[in-house]
Amino acid sequence: MADRHVAHLLIGGGLASANCARWLREEGADGEILLVGRESDPPYNRPPLTKGYLRGEESREDAYFRPDGWWREQRIELLTRTSVMKLDAAARTATLSTKEVVSYDTALIATGANVRRLPAEGSELDGIHYLRAFGNSDAIRADAAGRRVVLIGGSYIGCEVAASLTAIGAQATIVMMEQVTLERGFGRRAGGWLQQVLERHGVRVVAGDRLARFEGEGGRVAAVVTENGERIAADAVVIGAGVAPDVTLARAAGLELDEEHGGIRCDSRLRTSAPGLFAAGDVASYDSVVHGRRLRVEHWDVAFNQGRTAALNMLGRDQPHDVVPYFFSDLADWASLEYVGPAARWDREVVRGSLEEGAFSVWYLDGGRVAGALSIGRGDDLEEARRLLAARVALDDGELRRLGDPGAELAQIGAR
Ligand SMILES: Cc1cc2nc3c(=O)[nH]c(=O)nc-3n(C[C@H](O)[C@H](O)[C@H](O)COP(=O)(O)OP(=O)(O)OC[C@H]3O[C@@H](n4cnc5c(N)ncnc54)[C@H](O)[C@@H]3O)c2cc1C
C-alpha cells in the first residue's frame, strides 16, 4: 500500500529531472510533481564544476538550475538528501530512503552517471580526486590551487580542470593514453590544436602513457608513476576516466537495459520497457530518429532537452526525441569549443577556416555523410551541420570542396 500518490514522480536530482519538472508545468500538468534527489543541493548544472565554480568565480547559487523560491512557485515538491531505494514498475510505486512509499501515474528515471574508478596501487591516498559534484570541486580547489596537480585522462574533464587550475596558479600535468588531448571525440587535428593551447599556457602533456601507481608520503599523494616509468611529483591528482550510467535502481526494478551502450533501454519517445516509466539524461539509451541508430550521450544539453521530451510524453504527446546532441567545453578563457554529433566513426575530416587564426570548424564525414562537426569560433557553421547530420545525405566531391571553402555558402550543400 502506498503512503501517498503523485501524478508525476521524478527520480534523480539532476538536470534531466529538473527540466522535466519545468516542462511538465509549462505544458499544463496540473497534478502533484515530486522530484527526489540524493544530493543535498537542489538540481544544478555540473559544467561550472570544471570551469567558473572551480576557479572560485561563481557561487553554488549561480550553478543552481533555478533559485530556491521557484520550486515552491511551481508547486514542485523537491526532496533533497533522499534516495529512491526500490521501484516496483508493475505496481507503479517507489520506496524512498525515508521509508515512504509513493505511487505514481507516470515517472521519470534520471539517475545520471557515476565516475569510473581506476584501480591502482596507492588509490587510497589523500589528495586523489574524482569530479562529479560540488563537494569534489571544492576539495580539488582546496588541494590543488597554486600547487602541482596531475590530471589522469586527456578528455574534457582532464583538459578543463588542467586549464582552470592553471588559471588559478597551479602547475598542471596531464597523463593520457592518447597521442593528443580530446583525440577520441575530435580526432588528431582538432585535439592537437587544443593541446597546443593548453601547452602554450603552461600545461604539460604526457601522451601515450598510463597511470601505473601512486606514491605517497604521510598518507598523502606525493607522485604519479606512469607505465613508461616517469615519476611526476604531485600535491593533488584529479582522475577523469569517464563515467558509467547509474542503472542500479533500474536493474533491480527489472527494466530492460542496453548492454552495448550502457544505460536504460528506451524507445524514440524515451519510454522504458515499463508502462508509464520514462528515462532521460546520462542514464538513457534511446532510438535516435535523427541518427537512425541507438545512442546514449553524456552531455549537459542532451540531459536538458531529453527532460523536455520526457515531460511531453509523460503528458501523452507522442513526441520523438529529435534534437541533435550538442556539446560545449571551455579551456579557461583560452578557447571554447562546440560540437554536434556524436560521430560514432568517421573516415574523413574537412576543415573550414583557419587553425592558425583559431577560427575553424572540423567536419567529420562517414561515407560522405556528415556525422559530426566541431567549431572553434565558427558557431554559425553548426546550424548547417545539424541540418546535414539529420539529412543523412552523402555529399559529392563538389559539395565537400565547398564545405572546406570558408567563402562558399553552406545553405545549398546537401539540398536534394
Ligand atoms: C564536472 C562536470 C563537468 C561537465 N561539463 C560539461 C560540459 O562542459 N558540457 C557538457 O555538455 N556536459 C558537461 N558535463 C556533463 C553533464 O553535466 C551531464 O551530462 C548532466 O549533468 C547529466 O544530467 P543527468 O540529470 O542525466 O544526471 P546527473 O547530473 O548525474 O544527475 C543524477 C542525479 O540523480 C541522483 N540519483 C541517482 N540515483 C538516485 C536514486 N536512486 N534516488 C535519488 N537520486 C538518485 C544522483 O545522485 C544525481 O544527483 C559535465 C559533467 C561533469 C560531472
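Residues numbered from 1 in each chain as written. Predicted model: local features only at pLDDT ≥ 70, side-chain atom pairs only at ≥ 80, totals over all residues. Heavy atoms only, no water.

The immediate surroundings of the ligand are formed by 35 residues, with Glu39, Arg46, Lys51, Arg132 and Asp282 found nearest. Note that a nitrogen atom of the ligand is positioned 3.2 Å from one of the backbone N or O atoms of arginine 38. Within the contact set of the ligand, a nitrogen atom lies 3.4 Å away from a side-chain nitrogen or oxygen of tyrosine 156. For the ligand, whose free accessible area comes to 1000 Å², the fraction covered by protein is 97%. Of all the elements in the fold, those that place two or more residues in the shell around the ligand are α1 (15-26), α5 (156-167), α8 (300-314) and β21 (326-331). Per element, the largest residue contribution to the shell around the ligand is three residues, and it comes from α5. Classifying every residue of the shell around the ligand gives 15 nonpolar, eleven polar and nine charged. (Near = heavy atom within 4 Å. Polar contact = N/O pair within 3.5 Å; in protein donor to acceptor, adjacent residues only side chain to side chain. Areas by Shrake-Rupley, 256 points an atom, 1.4 Å probe, with all protein chains shown as cover. Helix = DSSP H or I, 4+ residues; strand = E, 2+ residues; numbered from the N terminus. Nonpolar A, V, L, I, M, F, W, Y, C, P; charged D, E, K, R; others polar.)

Another aspect to go through is the packing of aromatic side chains. For the structure shown, the criterion picks out 15 aromatic pairs. Ring centres 6.0 Å apart and planes at 80 degrees place the aromatic pair phenylalanine 65 and tryptophan 70 in the edge-to-face group. The burial state of phenylalanine 65 is the same as that of tryptophan 70; both residues are buried. Ring pairs connect the aromatic residues Tyr156, Phe186, Phe327, Tyr339, Trp346 and Tyr364, which therefore count as one cluster. When the ring centre of phenylalanine 65 is taken as reference, the NZ or CZ atom of arginine 66 above it lies at 4.4 Å. (Phe/Tyr/Trp six-rings, centres within 6.5 Å; stacked < 30°, edge-to-face > 60°. Buried < 20%, exposed > 50% of the residue type's maximum accessible area, 1.4 Å probe, protein only. Lys NZ or Arg CZ within 6 Å of the ring centre and 35° of its normal.)

What follows covers the packing of α1 against α8. Between α1 and α8, whose axes approach to 7 Å, the crossing angle comes to 40 degrees. One finds that α1 runs oblique with respect to α8. The interaxial crossing formed by α1 with α8 has right-handed handedness. Across the interface between the two elements, Leu15, Ala16, Asn19, Cys20, Arg22, Trp23 and Leu24 of α1 pack against Trp300, Ala303, Phe304, Asn305, Gly307, Arg308, Ala310, Ala311 and Met314 of α8. Split into classes, the residues belonging to the contact of α1 with α8 amount to eleven nonpolar, three polar and two charged. (Axes fitted to C-alpha atoms, helices over the stretch in contact; angles between N-to-C directions. Parallel < 35°, antiparallel > 145°, perpendicular 65-115°, else oblique. Left-handed = near helix turned anticlockwise from the far one by under 90°. Contact = heavy atoms within 4.5 Å.)

Quick look at the environment of glutamine 74 now. Summarising the element assignment, glutamine 74 is placed in the loop between α3 (68-73) and β3 (76-79). C-alpha separation for the pair glutamine 74 and isoleucine 33, spaced 41 residues apart in sequence, amounts to 9.4 Å.

This paragraph deals with the side chain of serine 137. With respect to the helices and strands, serine 137 occurs in helix α4 (residues 134-144). Only 2.9 Å separates the side chain of serine 137 from the backbone oxygen of leucine 49, close enough to count as a polar contact.

Spatially, β12-β13-β14 is the arrangement adopted by the three strands of the open sheet, whose pairing is antiparallel. Of all the strands in the sheet, the pair left with one neighbour each is β12 (211-217) and β14 (231-233). Neighbour to neighbour, the strand axes of the sheet diverge by 30 degrees on average, direction disregarded. With three bridges connecting them, strand β13 (residues 220-226) and β14 associate as antiparallel partners. Looking across to β14, one finds that valine 224 is bridged to isoleucine 232. (Pairing = 2+ DSSP bridges.)

Structurally, aspartate 41 is set in the loop between β2 (33-36) and α2 (60-63). At 2.9 Å, the side chain of aspartate 41 forms a polar contact with the side chain of arginine 60. Among the polar contacts made by the side chain of aspartate 41, one reaches the side chain of tyrosine 64 at a distance of 2.8 Å. When near neighbours in sequence (up to four residues on either side) are disregarded, aspartate 41 contacts Arg60, Tyr64, Thr80 and Phe134.

What follows is about a negative patch on the surface. Where like charges cluster on the molecular surface, the negative patch consists of Glu58, Glu61, Asp62 and Asp68. Its place among the elements puts aspartate 68 in helix α3. (Patch = residues over 30% accessible without salt bridge, like charges linked within 9 Å, V, L, I, M, F, W, Y side chains within 5 Å. Salt bridge = Lys/Arg side-chain N within 4 Å of Asp/Glu carboxyl O. Lys, Arg positive; Asp, Glu negative; His and termini not counted. Charge placed at Lys NZ, Arg CZ, Asp CG, Glu CD.)

We now examine the layout of surface pockets. If you add up the space inside the second largest pocket, you get close to 240 Å³. Contributing to the lining of the second largest pocket are 13 residues, with His291, Arg293, Asp366, Val370 and Ala371 lying nearest its centre. The biggest single contributor to the lining of the second largest pocket is strand β25 (residues 369-376), with three residues. (1 Å grid on protein atoms, 1.4 Å probe; cavity = no way out; pocket = protein on both sides within 12 Å on 5 of 7 lines; lining within 4 Å. Points joined across faces, edges and corners; volume = space filled by probe spheres on them.)

Further remarks concern the pairing of strand β5 (residues 93-96). Two strands pair when backbone bridges link them, and strand β4 (residues 84-88) and β5 are joined in this way by four bridges, in the antiparallel orientation. Across the sheet, aspartate 88 pairs through a bridge with threonine 93, a residue of β5. Turn length for the β4-β5 hairpin, with the two strands adjacent in sequence and antiparallel, is four residues, and the turn residue arginine 92 shows positive phi of about 55 degrees. Sheet analysis places β5 next to strand β6 (residues 101-109), joined by three bridges and oriented antiparallel. Note on β6: the bridge partner recorded for threonine 93 is serine 103. The hairpin turn running from β5 into β6, its antiparallel successor, is four residues long, and lysine 99 in that turn takes a positive phi close to 80 degrees.

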